[in-house]
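Descriptive analysis of the structure
If you want the building blocks of each chain, they are given just below.
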There are 2 protein chains.
Amino acid sequence: MDNLATTPEPPYYAVIFTSLRTDTNDGYSETAERMLELARAQPGFIGVDSVRDGRLGITVSYWQDEAAIKHWKQNTEHLIAQKSGKTKWYEQFHVHIARVERCYLFSK
Amino acid sequence: MDNLATTPEPPYYAVIFTSLRTDTNDGYSETAERMLELARAQPGFIGVDSVRDGRLGITVSYWQDEAAIKHWKQNTEHLIAQKSGKTKWYEQFHVHIARVERCYLFSK
């Protein structure tokens, strides 16, 4: 990753996905990678930052509006991944959907 | 970290801090740790999740309202850390302030 996600002037939406993994891999990495690729191709997608260190991961994706988030949530391939996430890969996860109101950027 | 941050029924606020580190350590880990401890002690603080993997880090903190965020931003010790962050520790960082409108929780 070379840069942080580039975001426009607010308002827009953020989906904050925080998760604790199980010990089960079984296709996890490939699916996580594929979901990022698929998200990037969705209408209304703005950008994404994603980090995992061991069990704990945080992925923040930015979207133009709530309709774009709803559309992505219902994507067929994403629905299948969500199901495997619950049965195999995640011990716990939280999804916070939030309206970005302000943004400060710093760059050297 | 044993669990993800516990958050109440929306609405409340999230501060999404995404950063790319420089190669300079010089007190970084101690200050990062201290800032989490100090944030937890602030009025209006709800919870925090924080992950770093190499250069890229994401910290999401949750707050009862915008006044609590403003108060934390102006904390004297935090202001000093923010200054060192810009001069020493961060190549780039983004702060997105967002109003949490919905939340889904999953736990095995």
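See the structure shown above.
Procedures and definitions
- Residues numbered from 1 in each chain as written.
- Chains lettered and ligands numbered in written order.
- Predicted model: local features only at pLDDT ≥ 70, side-chain atom pairs only at ≥ 80, totals over all residues.
- Heavy atoms only, no water.
- Least-squares fit on C-alpha atoms with pLDDT ≥ 70 in both.
- Contact = heavy atoms within 4.5 Å.
- Salt bridge = Lys/Arg side-chain N within 4 Å of Asp/Glu carboxyl O.
- Helix = DSSP H or I, 4+ residues; strand = E, 2+ residues; numbered from the N terminus.
- Pairing = 2+ DSSP bridges.
- Axes fitted to C-alpha atoms, helices over the stretch in contact; angles between N-to-C directions.

A word on the relation of the copies chain A and chain B
- Rotating chain A by 180 degrees about the axis while translating it 0.0 Å along that axis superimposes it on chain B, leaving an RMSD of 0.0 Å. Taken together, the rotation angle and the small translation identify this as a two-fold axis.
- In this assembly the copies share their binding face: 100% of the residues contributing to the interface of chain A also contribute to that of chain B.

Quick notes on the pattern of salt bridges
Residue and element names in this part refer to chain A.
- Applying the stated criterion across every chain, the model contains ten salt bridges over all chains.
- Two residues, K88 and D26, come together in a salt bridge whose shortest N-O distance is 3.0 Å. One end of the pair, K88, is in helix 3 (residues 76-89); the other, D26, is in the loop between strand 1 (12-21) and helix 1 (28-40), and 62 residues separate them in sequence.
- One salt bridge in this structure joins E37 and R34, with 2.9 Å as the shortest N-O distance. On the criterion of helical spacing, the pair formed by E37 and R34 is a turn pair, its members being three residues apart in helix 1.
- Connected via shared salt-bridge partners are R34, E37 and E77.

So, the sheet that holds strand 3 (residues 56-63) of chain A
- Spatially, eight strands are ordered 2(A)-3(A)-1(A)-4(A)-4(B)-1(B)-3(B)-2(B) in an open sheet, and the strand pairing comes out antiparallel. Sheet topology places strand 2 (45-53) of chain A together with strand 2 (45-53) of chain B at the edges, where each strand pairs with a single neighbour. For this sheet, the mean angle separating the axes of adjacent strands, direction not counted, is 25 degrees.
- As judged from the ten bridges shared by strand 1 of chain A and strand 4 (residues 90-107) of chain A, these two strands associate in the antiparallel manner. From the neighbouring strand, Y13 of chain A faces strand 4 of chain A, where its bridge partner is R99 of chain A.
- Most of the contacts of helix 3 of chain A go to strand 4 of chain A, to which it runs at about 120 degrees, and overall it touches strand 1 and strand 4 of chain A together with strand 4 (90-107) of chain B.

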